[in-house]
Amino acid sequence: MKRVIVLWVVIFGLVSKANAQDMDSLLMSLEATSENVKIPLLPDKMMFTQRVFWGEKGLLRVTGIMPLTEANRVKELKIRRTMLISHQVLGYATFVGMIAQGFVGQRLYTGHENMKGLHEGLAGAVNIGYFTDAGLSLFSPPPLIHKQFKGLNSIKAHKILASVHLTAMIATNVLAGKAEDPKWAPVHRAAAFTAFGAFAGAMFVMTF
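Residues numbered from 1 in each chain as written. Predicted model: local features only at pLDDT ≥ 70, side-chain atom pairs only at ≥ 80, totals over all residues. Heavy atoms only, no water.

## Description of the overall build of the chain
Along the chain, the regular secondary structure elements total seven helices and zero strands. When the helices and strands of the chain are read in sequence order from the N terminus, they spell out α-α-α-α-α-α-α. Out of the 208 residues in the chain, the part that is buried amounts to 35%. Residue pairs in contact within the chain that sit at least 24 positions apart in sequence constitute 71% of those at least 6 positions apart. As displayed, the chain offers around 13,100 Å² of accessible surface, 68% of which is attributable to carbon and sulfur atoms. (Helix = DSSP H or I, 4+ residues; strand = E, 2+ residues; numbered from the N terminus. Buried < 20%, exposed > 50% of the residue type's maximum accessible area, 1.4 Å probe, protein only. Contact = heavy atoms within 4.5 Å. Areas by Shrake-Rupley, 256 points an atom, 1.4 Å probe, with all protein chains shown as cover.)

Written out as structure tokens, the structure is:
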């Protein structure tokens, strides 16, 4: 057990260090402007959720809360770093919650009705953790540049798996009210296992 804890600490340390190095390089790029060279403050491609809030005409720009300036972009990159590190940590916690919920759910399906309250409590905690975790990723400020890679890589795999586990997670919640119906119970379980598998895969490709 101690070895597992040490391993997760090492992994988290490496991820945090990598993020810190990436942030330092981005800040250096942003500050390395001259009279003749103008580095764009925003990438050409952003997620829809980022564009709505952080785009050139996003809500935070038009309301004056965070005008698009070099100084503010430096602040935004620091906010992004904090949000993505929190996204990783909360992802690990949510993953552990999913394991516990799956174990209790399996016991519930085999006739242990006394675990229904615990299963519902874990489901609530996992939902809060999961959708908060998703929000940290979807609504974080955009990076300075949009990196394009040919072929499949860990980032693309992570995004594909994220789409799968988000869809499966929504389906799991929609079907939760029908979980006691023998007709819908297998579908609910399939959606839950799909969400768990895709979530685990998304964590794995970014960690290793």
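## With respect to a nonpolar patch on the surface
There is a patch of nonpolar side chains on the surface, built from Met 47, Phe 53, Leu 59, Val 62, Leu 138 and Phe 139 and spanning about 480 Å² of accessible area. Here Val 62 is to be found in helix H3 (residues 59-62). (Patch = residues over 30% accessible without salt bridge, like charges linked within 9 Å, V, L, I, M, F, W, Y side chains within 5 Å. Salt bridge = Lys/Arg side-chain N within 4 Å of Asp/Glu carboxyl O.)

## Some words on the layout of surface pockets
Approximately 810 Å³ is the volume attributed to the second largest pocket. If you trace the second largest pocket, you find 31 residues lining it, with Gln 101, Gly 105, Tyr 109, His 119 and His 188 closest to the centre. Secondary structure elements with two or more residues in the lining of the second largest pocket: helix H4 (70-109), helix H5 (116-138), helix H6 (154-175) and helix H7 (185-207). Among the elements that take part in the lining of the second largest pocket, H4 stands out by supplying eight residues, more than any other. (1 Å grid on protein atoms, 1.4 Å probe; cavity = no way out; pocket = protein on both sides within 12 Å on 5 of 7 lines; lining within 4 Å. Points joined across faces, edges and corners; volume = space filled by probe spheres on them.)

## Observations regarding the packing of aromatic side chains
Applying the stated rule across the entire model yields four aromatic pairs. Geometrically, the ring pair formed by Phe 53 and Phe 139 is edge-to-face, given 5.5 Å between the ring centres and 85° between the ring planes. In this pair, Phe 53 is assigned in helix H2 (residues 48-54) and Phe 139 in the loop between H5 and H6, connecting sequence segments 86 residues apart. Seen from their ring centres, Phe 95 and Phe 196 are 5.4 Å apart, and the 5° between their planes marks the pair as stacked. In this pair, Phe 95 sits in helix H4 while Phe 196 sits in helix H7, placing the two residues 101 residues apart along the sequence. (Phe/Tyr/Trp six-rings, centres within 6.5 Å; stacked < 30°, edge-to-face > 60°.)

## Structural notes on the pattern of salt bridges
Across all of its chains, the model carries two salt bridges by this definition. Among the ionic pairs, Glu 76 bridges to Arg 61, the shortest N-O distance being 2.6 Å. Separated by 15 residues along the polypeptide, Glu 76 in helix H4 and Arg 61 in helix H3 bring together distant segments of the chain. Residue Glu 76 is classed as buried on the basis of its relative accessible area, which comes to 0%. One connected set of salt bridges, linked through shared partners, spans Arg 61, Arg 73 and Glu 76.

## So, H7
Here H7 contains 23 residues, and its C-alpha end-to-end distance of 33 Å stays within 8% of the 33 Å for a straight helix at 1.5 Å per residue. Taken residue by residue, H7 has Ala 185, His 188, Ala 191, Ala 195, Ala 198, Phe 199, Gly 201, Ala 202, Met 203 and Thr 207 as its buried positions. (Expected span 1.5 Å × (residues − 1).)

## As for H4
Along an α-helix, a turn takes 3.6 residues, which lines up residues three or four apart on a common side. With 40 residues, H4 ought to run about 58 Å at 1.5 Å a step, and its terminal C-alpha atoms sit 56 Å apart, in line with that. Note on H4: the residue one or two positions beyond its end, Gly 111, has a positive phi of about 110°.

## Some thoughts on the packing of H4 against H7
Across the interface, H4 lies against H7 with an axial gap of 11 Å and an inter-helix angle of 155°. By the angle class used here, H4 and H7 are roughly antiparallel. Handedness of the H4/H7 crossing: left-handed. Of the residues in H7, those in contact with Gly 91, Tyr 92, Thr 94, Phe 95, Met 98, Ile 99, Gln 106 and Tyr 109 of H4 are Ala 185, His 188, Arg 189, Phe 193, Phe 196, Phe 199, Ala 200, Met 203 and Thr 207. Of the residues belonging to the contact of H4 with H7, the class tally is 11 nonpolar, five polar and one charged. (Axes fitted to C-alpha atoms, helices over the stretch in contact; angles between N-to-C directions. Parallel < 35°, antiparallel > 145°, perpendicular 65-115°, else oblique. Left-handed = near helix turned anticlockwise from the far one by under 90°. Nonpolar A, V, L, I, M, F, W, Y, C, P; charged D, E, K, R; others polar.)

## Digging into the nonpolar core
Proteins that are soluble and globular tend to have nonpolar side chains buried together. Counting residues in hydrophobic clusters, the biggest one holds 10 residues: Tyr 92, Phe 95, Met 98, Val 126, Tyr 130, Ala 168, Met 169, Ala 195, Phe 199 and Met 203. Elements that contribute at least two residues to this core include exactly H4, H5, H6 and H7. (Core = buried A, V, L, I, M, F, W, Y, C linked by side-chain atoms within 4.5 Å.)

## Quick word on the confidence of the model for the chain
In this model, the chain carries a mean pLDDT of 83, and residues with pLDDT of at least 70 account for 79%. Per-element confidence in the chain is highest for H3, whose mean pLDDT is 96, and lowest for helix H1 (residues 2-31), whose mean pLDDT is 44. Across residues 1-25, where pLDDT falls below 50, the model places 16 contacts with residues more than four positions away in sequence or in other chains. A low-confidence stretch, residues 28-35 (pLDDT under 50), is modelled with 11 contacts involving residues beyond four sequence positions or located in other chains. (pLDDT = per-residue confidence, 0-100.)

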